[in-house]
Amino acid sequence: MLHTVIQKNNYQDSINLMLLTNSVNDIDGVSQAQIMMASDANKDILKSAGLYTDEVEAAGANDMAIVVEADDESIMEDVNAEIDRFLSDLSGKKDEGGISSVNNWKDALETKSDANLALVSIPGSYAADEIEKALDSGLHVFSFSDNVSLEDEVRLKNKAHEKGLLLMGPDCGTGVISSVPLAFTNVTNPGNIGIVAASGTGIQEATTIIDRLGGGVVHAIGTGGRDLNEKVQATTMLDAISGLEEHDPTDVILVISKPPAKEVRDNVMKTLQSLSKPVVAIFLGEKPSEHVGNVALAYTLEEAAKMAVDLANGDEIKANYNDEIDFEVTKPLPEGKTVKGLYSGGTLASEAATLISDALSLDNVKGEEGYILNTHGFQVMDLGDDVYTQGKPHPMIDPEVRVKKLQEVLQDETTGIILLDVVLGYGSHADMAGALAPSIKEALSDAKANDRELYVIGSVVGTDHDPQNYADAVAKLEDAGVIVETSNARAIRLALKLMGKELSIADKSFVDYDGEKVSVPAASEQVVELLNNPPRVINIGIESFTEPITAFGGEALQFSWRPKAGGNKKLIRILNELEKREDEINASNDKVIDRLKNSQPFLVDAKLAKEVIPELNTGEKVILHAGPPIKFENMTGPMQGSVIGAMLFEEWATDEDDAMRQLEAGEVTFIPCHHVGAVGPMGGITSANFPVFVVENKTDGTTGYCIMNEGIGEVLRFGANSPAVIDRLRWMRDVLGPILGQALRTHEEGLNLNVMIARAIGMGDEFHQRNIAASLVFLKEITPSIITLDADEKEKAEVIQFLADTDQFFLNIMMATGKSMVDYARKIKEGTVVTTMARNGENFGIRVAALGDEWFNGPVNTPNGLYFTGYSAELANPDIGDSAITETVGVGGMAMIAAPGVTRFIGLNGLEDAQSISEEMAQISITHNPNWAIPNWDFQGATLGIDIRKVVETGITPIINTGIAHKEAGVGQIGAGTVRAPLEAFEKALVAYAESVGIHVDEN
Amino acid sequence: MKTNLNKQYADRSSNSLVSDYLTKVFSSKQRLMARVDSIFENGFNLIFQNQLIFVGKDSNQLSAFGLSVPTKTFIEMKNALVVGQQVRIKATFTDKQEMDMSWTIYTKGKVVQIDMDDVGIVDTTLPKISIDYFLADDVLKALQKSSIWQGSGFATTEYLKEKYNQLIEKWDNELAQALIGAGIGLTPSGDDFLQGFMMMELVTGENQAKLTQTIKKALDHRSTTKVSENYYRVLLKGHVNYAWTQLFEAVYHKNMSEIENIISDIQEYGATSGNDILLGVLTFLKVHQDTAEY
């Protein structure tokens, strides 16, 4: 039994149809199927295949015929679904493989659909929003970003916990997941130790010491410095601990915490005491005297690392891990000398402050901002603090801050010891030891010359696997005169020994834990998955963070993030609110898009403007113009010149002076073309007796009108109004228009423009700057009809010759086509799709589906392009014309890839540049138009549906291909190029849209 | 002398085998964190506190400090290994002849876990067999006709050849020390030769293990390769590769065809290693044959 579906006016090329036929034949239950355009030749093929039906016979060459032989009629549901899928996939084809970078969440989640972690390293004020999006997308988050408010941290961590996800950070400087290093990180061996830590250099110090001792770390989960704050309640730490408890390859858990809130510490301790695995914990600032129950408590990071390694090897914890300091001190520094700690790592600085205060019985006084310790001349500085890095790189990246501080502290005569750290690893300076060495050498040399006793003591946080190499860094520091110890704790202890105050750390033993134990919550499925697989990362922000991930077995996709809406807080708030209503808005937009896609534009006639536009048939002096409303006095030279030309053509004025007098007297009424169903190129000037094309959108009869193209050179649309121009307009009124109208009326339905556009786009037109193929297709279609007309032969020949000479003739047809499409779509008054873009030389105006006829304007830009000999950009008129209707429906600049030669107008070089322009335009468009597939773009359809949300969010504005008029009336076209729509128009529209859907728009 | 050959052999149908020497290492800790030392085409070494653990896929070539695993498992392990990285081994005895093992290979990006149940424990301890069994005509002939000299490193290295000639003329334990670490490769020919000689001392109980004692002392101050050191260590603890235990069993049962097959298999060890050890064995027998005036 044969089943037939005819899709009227759906033109597809034969290769697509053959592929589609194969696909349909693969459907179970289909005996045979054939999908073809219903041309006469194809009808013969269908006949010979036994697939010819009455419906096929009735179909025309522009109709797609689907004939299926199958016993069960219900199979046609599957067939139709497959046809929709195939055509939509064809037109929306995505690149596969090789994508290394995206710039929005949608693309990120589509490209890396198996991602399990977002690494966020963007300015803090934007981080919370992106963290939330990542969590809402089911991703764990590692937030390198800081400056997230405590309130946001609490909210986001609670959200992460509820979703079974980990939020590592904010302000998480480093981490390791499945032995893959994240952010600022050292290359360490993997092993059976799992770390949960406040992060930063605490993790780096511990992991590198563990590595140098022969142990290994499988996970180092950063929590951020405030996780043990009483408001955050150790949410991440507890979830991470649950994960490690269940992670079989982890045998030992090492917890590193900044000074915690007591209640939170107690709660964490209950969990640690309830684990099946041994735990080493260090609560920075505490000096434990014993180990408790399941938890070995450390005083220094070095001690914590050593204890973890012993436990990892299945060995007992030793009573004391503080080996003797080898450096022999014969005579301690005299009374009054002080220690200055110049740290790049915050946790290391804290450790120094704690040990020094403890040993010297100093109060741990921070004093002014930027100091971790500042009392009695003893100073420890975290030079990574904002106080030192405002507008400057972090001291792990740039030696400058430290070099300056070094010179500064040497001015203090009491300074006897300088403590410093050099942190290696990805993200850090390529040779910090080498960069600091000259200043240190000089300082020590000066001290020696001045008989001043000065020691520089340092430690290197790193491994031999690090890009900078641990041994090399140590050697460089030693060569500069630094006494290099194997850990920060040992460096501090040496400093104290030189001060005559050896830090005594008593032996420790285990005591029973007699507190409450808890039932450790099960880790979520997502946490288990994260900890048992290599991380698959969407890296939002610093691109170099992808390098260590991919180098060590993880996967990473770069999300080249930039602030939404250029960082405009008000617009960001609106976008975020709109995002919450995304489903609703998208559904509205789909309705508008469906109308654009399903449009059936046919060129049905050519008539005088007054015959189809009532506003021009009132007997009054009414002139249509391009763009949003504009007063005559604000029109630029070319538009004013065109107005005068139209008045001369209509014989309302005898000459230019007469025209100006009437204009100044307000005798002429101006209406935007767009308000009366019309569009006009450049000045867009249209009056009663201009012949116009009539394009009918067959879906519901919506029409679009546009005047005819006059050719190039001295023409009215560019402001020329000489007698030759007026004479040509008269010829167009009396000959061209009538003959084309007559010829078009011989076609019962008119000319199917979707078919003509689909053909021409495959021949290299983008329908704004380049229309030669479409003009020839039109000539091919119309010429036979003209020849057979009962009309003057000479006039017919003139018309055909004019069409043959006018490469851009189809532009005006395309414009009317676009108008018939958008006005059909505009009947859906919902959503954020741009339905009009037009310029009047003063303003670039847009209209949006939901906001009906309201214009949102921004000042026009001046095009950038190539100029005819003798002209330059200074002479160019600002952007003008309704021809941006082409871009509104997805061609013109939006479809640059269809006509790569156009890129040469703006100094670019063809295919690759054209593709990147179209890819960029795709980012602000909702979909692709399957009717207009572009061969150069792997047969993706032209973009469709510019979305004001996307424009404002990305800051990408539509690119318009355009001719360039001379700024003075009468000169005409002086070049061609491209111009960007102003963002302001889209921003205004977004604000208005937000208000229209009840969003409170706060100005602050 | 008395002969002792009450050996408990594992069921050879087990997928994986482990030397009984290694089981002592494994049972010393709840888990053992070893490190990947070296990787070869057909095997790899882990190291744990100076003890090598050799993993191969040929059960006939099971090392005294080794495991053999099925080819599929071997490939899975080898693909995950990187020299220097850690491997956790957890082993539990299921009975005296089998153990369950769980391997965790820590690599960047992923942790590979391989569980091996019912790993057969192979007795690699040296038996006690009277020298008479070895000096029987057939056994000696089997050794002598096997082109051992030609296949050994001694045939091609002047230094070794010279030392060998001196020793064969008049055996001197002190002089034999010079062979420690002599030669090239993972197991230098001099070490292999000495180990063959020492092995025979320990099996036959002849010579009061004088060379063995001499070499044991010498190793305190003479160095050789890590692999040879490990072979010395296990030998001094009375363990040898599985093939040797098979050979000794065949000698004890005077199974000549088996003896010839095993000698042939041993000759395939390394470039010259098998022949070097066999040369040590043969030299031991020659020295004692002469002494006994056979």
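Bear in mind that the values here come from a model prediction, so they are computed numbers and not experimental data.

### A closer look at the side chain of Thr214(B)
Residues and elements named next belong to chain B.
Right, so step 1: With respect to the helices and strands, the residue Thr-214 is situated in helix H9 (residues 210-218).
Right, so step 2: Residue class for Thr-214 comes out buried when judged on its relative accessible area of 14%.
Right, so step 3: In contact with Thr-214, not counting residues within four places along its chain, are Asn-173, Glu-174 and Gln-177.

### Notes on the interface of chain B and chain A
Interfaces are often sized by the accessible area lost when the parts come together.
Right, so step 1: Taken together, the contact between chain B and chain A spans 17 residues of the former and 27 residues of the latter.
Right, so step 2: Of the roughly 1600 Å² buried at the junction of chain B and chain A (both faces included), carbon and sulfur atoms supply 43%.
Right, so step 3: For the chain B face of the interface with chain A, the top three residues by lost area are Arg31(B), Lys108(B) and Gly109(B), together amounting to 38%.
Right, so step 4: Linking chain B with chain A are 4 salt bridges, by the criterion used here.
Right, so step 5: For the salt bridge of Asp315(A) with Lys29(B), the shortest nitrogen-to-oxygen distance reads 2.3 Å.
Right, so step 6: Summed over the shared surface of chain B and chain A, the result is 15 residue pairs in polar contact (both at pLDDT 80 or more).
Right, so step 7: Counting only elements with at least two residues in the side of chain B that touches chain A, the list comes to strand S2 (32-39), strand S6 (86-95), strand S7 (98-107) and strand S8 (110-122) of chain B.
Right, so step 8: Looking at side-chain class alone, the side of chain B that touches chain A contains 3 nonpolar, 7 polar and 7 charged residues.

### Observations regarding unusual backbone geometry
Right, so step 1: With an omega of 5 degrees, the peptide bond running from Gly169(A) to Pro170(A) counts as cis.
Right, so step 2: For Pro170(A), the position within the fold is in the loop between strand S7 (167-168) and strand S8 (174-177).
Right, so step 3: In this structure, Ala183(A) takes a positive phi of about 60 degrees despite not being glycine.
Right, so step 4: Take Ala183(A): it is sitting in strand S9 (residues 180-183).
Right, so step 5: At Ala209(B), a position not held by glycine, the phi torsion is positive, near 55 degrees.
Right, so step 6: For Ala209(B), the location among the structural elements is in the loop between helix H8 (189-204) and H9.
Right, so step 7: Of the residues examined, Ala209(B) reaches a relative accessible area of 13% and is grouped as buried.

### Some points on the pattern of salt bridges
Residues and elements named next belong to chain A.
Right, so step 1: This model, assessed by the stated rule, comprises 64 salt bridges over all chains.
Right, so step 2: Glu-130 is the partner of Lys-133 in a salt bridge, and the nearest nitrogen-oxygen pair spans 3.7 Å. In this pair, Lys-133 and Glu-130 are both assigned in helix H6 (residues 124-136), 3 residues apart and thus about one turn of the helix distant.
Right, so step 3: With its nearest N and O atoms 3.3 Å apart, the salt bridge here joins Asp-727 to Arg-730. Residue Asp-727 and its partner Arg-730 are located together in helix H25 (residues 723-745), separated by 3 residues, close to a single helical turn.
Right, so step 4: Looking at Asp-727, the relative accessible area reads 45%, which means it is partly exposed.
Right, so step 5: In the salt-bridge network here, residues are joined through shared partners; they are Glu-132, Asp-136, Asp-152, Arg-155, Lys-159 and Lys-163.

### A short note on the sheet that holds strand S24 (residues 555-559) of chain A
Residue and element names in this part refer to chain A.
Right, so step 1: Taking strand neighbours across the sheet as the criterion, the 6 strands line up as S4-S24-S23-S5-S6-S7 in an open arrangement whose pairing is parallel. Looking at strand neighbours, the two that pair on one side only are strand S4 (101-102) and S7, the edges of this open sheet.
Right, so step 2: Sheet analysis places strand S5 (residues 117-121) next to strand S6 (residues 140-143), joined by 4 bridges and oriented parallel. Among the inter-strand pairings, Leu-119 is bridged to a residue of S6, identified as Phe-142.
Right, so step 3: Sheet strands touched by H6: S5, S6 and S7. Its angle to S6, the strand with the most contacts, is close to 155 degrees.

### Regarding the nonpolar core
All names here are of chain A.
Right, so step 1: Leu-740, Phe-778, Phe-810, Ile-846 and Phe-986 are the most contacted members of the largest nonpolar core, which totals 176 residues.
Right, so step 2: Setting aside residues no more than four positions away along its own chain, Phe-986 makes contact with Val-834, Met-837, Ile-846, Ile-946, Ile-948, Val-951, Val-952, Pro-958 and Ala-981.
Right, so step 3: Of all hydrophobic cores here, the second largest spans 106 residues; its members include Leu-272, Val-309, Leu-360 and Phe-545.

### Section: H25(A)
Right, so step 1: For H25(A), which comprises 23 residues, the first-to-last C-alpha distance of 32 Å matches the rise-based estimate of 33 Å (1.5 Å per residue) to within 8%.
Right, so step 2: Along H25(A), the sharpest change in direction is near 45 degrees and occurs at Met732(A).

### Observations regarding the confidence of the model for chain A
Right, so step 1: For chain A, the mean per-residue pLDDT works out to 92, and 97% of the residues sit at or above 70.
Right, so step 2: This stretch, residues 91-98 of chain A, has a pLDDT under 50; its non-local contacts, to residues over four places away or in other chains, come to 13 contacts.

### Quick word on the pairing of strand S10 (residues 193-197) of chain A
Residue and element names in this part refer to chain A.
Right, so step 1: Here S10 lies mainly inside the structure; 5 of its 5 residues are buried.
Right, so step 2: Taking every second residue as pointing to the same face, both faces of S10 are buried, with Ile-193, Ile-195 and Ala-197 on one and Gly-194 and Val-196 on the other.
Right, so step 3: Where S10 meets strand S11 (residues 217-222), 5 bridges bridge the pair, whose relative direction is parallel. Within S11, the residue paired with Ala-197 across the bridge is Gly-222.
Right, so step 4: The sheet contact formed by S10 and strand S12 (residues 252-257) spans 5 bridges and is parallel. Bridged to Ile-193 within S12 is Val-252.

### What about the packing of H25(A) against helix H28 (residues 793-805) of chain A?
All names here are of chain A.
Right, so step 1: One can describe the packing of H25 onto H28 by two numbers: an axis separation of 10 Å at closest approach and a directional angle of 100 degrees. Of the possible angle classes, the one that applies to H25 and H28 is roughly perpendicular. Every residue of H28 that contacts H25 at Arg-728, Trp-731, Val-735, Leu-736, Ile-739 and Leu-740 is listed here: Glu-795, Lys-796, Glu-798, Val-799, Phe-802 and Leu-803.
Right, so step 2: Classifying every residue of the contact of H25 with H28 gives 8 nonpolar, no polar and 4 charged.

### Side note on the pairing of S2(B)
Residues and elements named next belong to chain B.
Right, so step 1: Along S2, 6 of the 8 residues are buried, which leaves the element largely enclosed by surrounding structure.
Right, so step 2: Pairing analysis gives 4 bridges linking S2 to S6, with the strands arranged antiparallel. Across the sheet, residue Arg-35 finds its bridge partner in S6, namely Gln-86.
Right, so step 3: Sheet topology note: the S2/strand S3 (residues 43-48) ladder contains 4 bridges and is antiparallel. Each bridged residue has a counterpart across the sheet, and for Ser-38 the counterpart in S3 is Asn-45.

Cut-offs used in this document
- Residues numbered from 1 in each chain as written.
- Chains lettered and ligands numbered in written order.
- Predicted model: local features only at pLDDT ≥ 70, side-chain atom pairs only at ≥ 80, totals over all residues.
- Heavy atoms only, no water.
- Helix = DSSP H or I, 4+ residues; strand = E, 2+ residues; numbered from the N terminus.
- Buried < 20%, exposed > 50% of the residue type's maximum accessible area, 1.4 Å probe, protein only.
- Contact = heavy atoms within 4.5 Å.
- Buried area = accessible area lost by both parts, 1.4 Å probe.
- Salt bridge = Lys/Arg side-chain N within 4 Å of Asp/Glu carboxyl O.
- Polar contact = N/O pair within 3.5 Å; in protein donor to acceptor, adjacent residues only side chain to side chain.
- Nonpolar A, V, L, I, M, F, W, Y, C, P; charged D, E, K, R; others polar.
- Pairing = 2+ DSSP bridges.
- Axes fitted to C-alpha atoms, helices over the stretch in contact; angles between N-to-C directions.
- Core = buried A, V, L, I, M, F, W, Y, C linked by side-chain atoms within 4.5 Å.
- Expected span 1.5 Å × (residues − 1).
- Bend = angle between axes of the 7 residues up to and from the residue.
- pLDDT = per-residue confidence, 0-100.
- Parallel < 35°, antiparallel > 145°, perpendicular 65-115°, else oblique.

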